[in-house]
Amino acid sequence: MNKLIKFSFLILILASCSKNDKNANFNPDAVKLNDEAVELGNLHKYDSAIVVFDKAIALDSTYYLAYGNKAAVYSAMKEYKKALFEVERQVKAKPDFAEGWISAATLSDKTGDSIKAKIYYQKSLDLYNQRISDPAMKSYLIESRMNKDFLLIQLGRDKEAKADLEKIKKDYPEIKTVDAFLNMTRKSFLLSLEDKKK
C-alpha cells in the first residue's frame, strides 16, 4: 500500500508539472542540458547528472525544473538535505510552483523537520486553492483537488480531505488512485518515506 500511495502522489505531481510550462521561455540550451542530465540520472550516473544540471542552471537560473530534477537525483542518492536545498532553490526561482512546495514539504518531513514541512504544506495548499478557483486552470481541476486533499491530510484536516475525495470518487469513478488517497493518513505517508533496508 505504501508504494501505491507514493506512486499515486508522484504521478499527480508529475502530471501537474509537465502541463504547467508549455509556453515558458527558457534558454533552450539549458532545457537541452536538463534533458541530458535527466537521461544520465535514469542511467544512475548521478554525479555526472549533477554536473550537467549545474550547467543548465548556470545558463538559466529561472529554469526551475532543473532544480527539481537535480533534487530527484540527490533523493535517489539518499542525500535528502541536498535535495531539499535544491527544491528550496526551485521555489525561490518560481514561488507559485505548488508542486515544488509539496516536494519541499515532503523532503522536510524526510529530514525530520516537521515544523518546516507544515509551513511548506500550507504554502502549497494556498497555491492549490488559488489554482482551483482560477477558471483558466479548469483543465487541472481534478489533479489540483487531489493534491489539495493530500495536503489537507498532511495538515491534519483528514475529514475535509476525505469528504472531497469521496466526491471525486463518485463523480470520476475511472480515477483509480482516489482509493489510495482515501486510505492515506499522515502517519502512513510518513512511513512510506522511510528508507527500507535491503
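Residues numbered from 1 in each chain as written. Predicted model: local features only at pLDDT ≥ 70, side-chain atom pairs only at ≥ 80, totals over all residues. Heavy atoms only, no water.

Asks: Describe in detail the overall build of the chain, supporting the description with residues and values.
Replies: Along its length, the chain carries eleven helices and zero strands. Each helix and strand of the chain, placed in order from N terminus to C terminus, yields the pattern α-α-α-α-α-α-α-α-α-α-α. The burial tally for the chain puts 44% of its 198 residues in the buried class. Of all intrachain contacts in the chain linking residues separated by at least 6 positions in sequence, the fraction that spans at least 24 positions is 59%. Accessible surface, the chain: about 10800 Å² in total, of which carbon and sulfur atoms supply 56%. (Helix = DSSP H or I, 4+ residues; strand = E, 2+ residues; numbered from the N terminus. Buried < 20%, exposed > 50% of the residue type's maximum accessible area, 1.4 Å probe, protein only. Contact = heavy atoms within 4.5 Å. Areas by Shrake-Rupley, 256 points an atom, 1.4 Å probe, with all protein chains shown as cover.)

Asks: Kindly report on the environment of His-44, identifying the contributing residues and their values.
Replies: Along the chain, His-44 falls in the loop between α2 (28-42) and α3 (46-59). Sequence spacing of His-44 and Val-73 is 29 residues, and the spatial spacing of their C-alpha atoms is 8.6 Å.

Asks: I'd like to hear about the packing of α2 against α3, residue by residue, with values.
Replies: At a minimum axis distance of 8 Å, the contact between α2 and α3 shows a crossing angle of 165°. In terms of their interaxial angle, α2 and α3 are classed as roughly antiparallel. The handedness of the crossing between α2 and α3 comes out as left-handed. Facing Asp-29, Ala-30, Leu-33, Asn-34, Glu-36, Ala-37, Val-38, Leu-40 and Gly-41 of α2, the residues of α3 in contact are Tyr-46, Ser-48, Ala-49, Val-52, Phe-53, Lys-55, Ala-56 and Leu-59. Partitioning the contact of α2 with α3 into residue classes produces eleven nonpolar, three polar and three charged. (Axes fitted to C-alpha atoms, helices over the stretch in contact; angles between N-to-C directions. Parallel < 35°, antiparallel > 145°, perpendicular 65-115°, else oblique. Left-handed = near helix turned anticlockwise from the far one by under 90°. Nonpolar A, V, L, I, M, F, W, Y, C, P; charged D, E, K, R; others polar.)

Asks: Report on the confidence of the model for the chain, specifying residues and quantitative values.
Replies: Taken as a whole, the chain shows an average pLDDT of 88; of its residues, 87% reach a score of 70 or greater. Ignoring residues within four places in sequence, the model shows residues 1-19, a span with pLDDT below 50, making 34 contacts including any to other chains. (pLDDT = per-residue confidence, 0-100.)

Asks: Tell me what's going on with the nonpolar core, and back it up with residues and numbers.
Replies: Judged by nonpolar contacts, the single largest core of 53 residues is most densely connected at Tyr-121, Met-146, Phe-150, Leu-151 and Leu-165. At seven residues, the largest contribution of residues to this core is made by α3. (Core = buried A, V, L, I, M, F, W, Y, C linked by side-chain atoms within 4.5 Å.)

Asks: Lay out the packing of aromatic side chains with the relevant residues and their values.
Replies: Applying the stated criterion across every chain, the model contains six aromatic pairs. Seen from their ring centres, Tyr-121 and Phe-150 are 6.2 Å apart, and the 70° between their planes marks the pair as edge-to-face. Here Tyr-121, found in helix α7 (residues 114-133), pairs with Phe-150, found in helix α8 (residues 141-154); they are 29 residues apart in sequence, far enough to count as distant. With respect to burial, Tyr-121 and Phe-150 carry one shared label: buried. In this structure an aromatic cluster arises from ring pairing among Phe-26, Tyr-63, Tyr-64 and Phe-97. Directly above the aromatic system of Tyr-80 lies the positively charged group of Lys-110, at a separation of 4.6 Å from the ring centroid. (Phe/Tyr/Trp six-rings, centres within 6.5 Å; stacked < 30°, edge-to-face > 60°. Lys NZ or Arg CZ within 6 Å of the ring centre and 35° of its normal.)

Asks: Break down the environment of Tyr-67 for me, with residues and values.
Replies: On the secondary structure map, Tyr-67 appears in helix α4 (residues 64-76). Assessed through its relative accessible area of 5%, Tyr-67 is described here as buried. For Tyr-67, the residues in contact, after removing those within four places along its chain, are Ile-57, Ser-61, Glu-86, Arg-89, Gln-90 and Ala-93. Among the polar contacts listed, one links the side chain of Tyr-67 to the backbone oxygen of Ser-61, at a separation of 3.1 Å. (Polar contact = N/O pair within 3.5 Å; in protein donor to acceptor, adjacent residues only side chain to side chain.)

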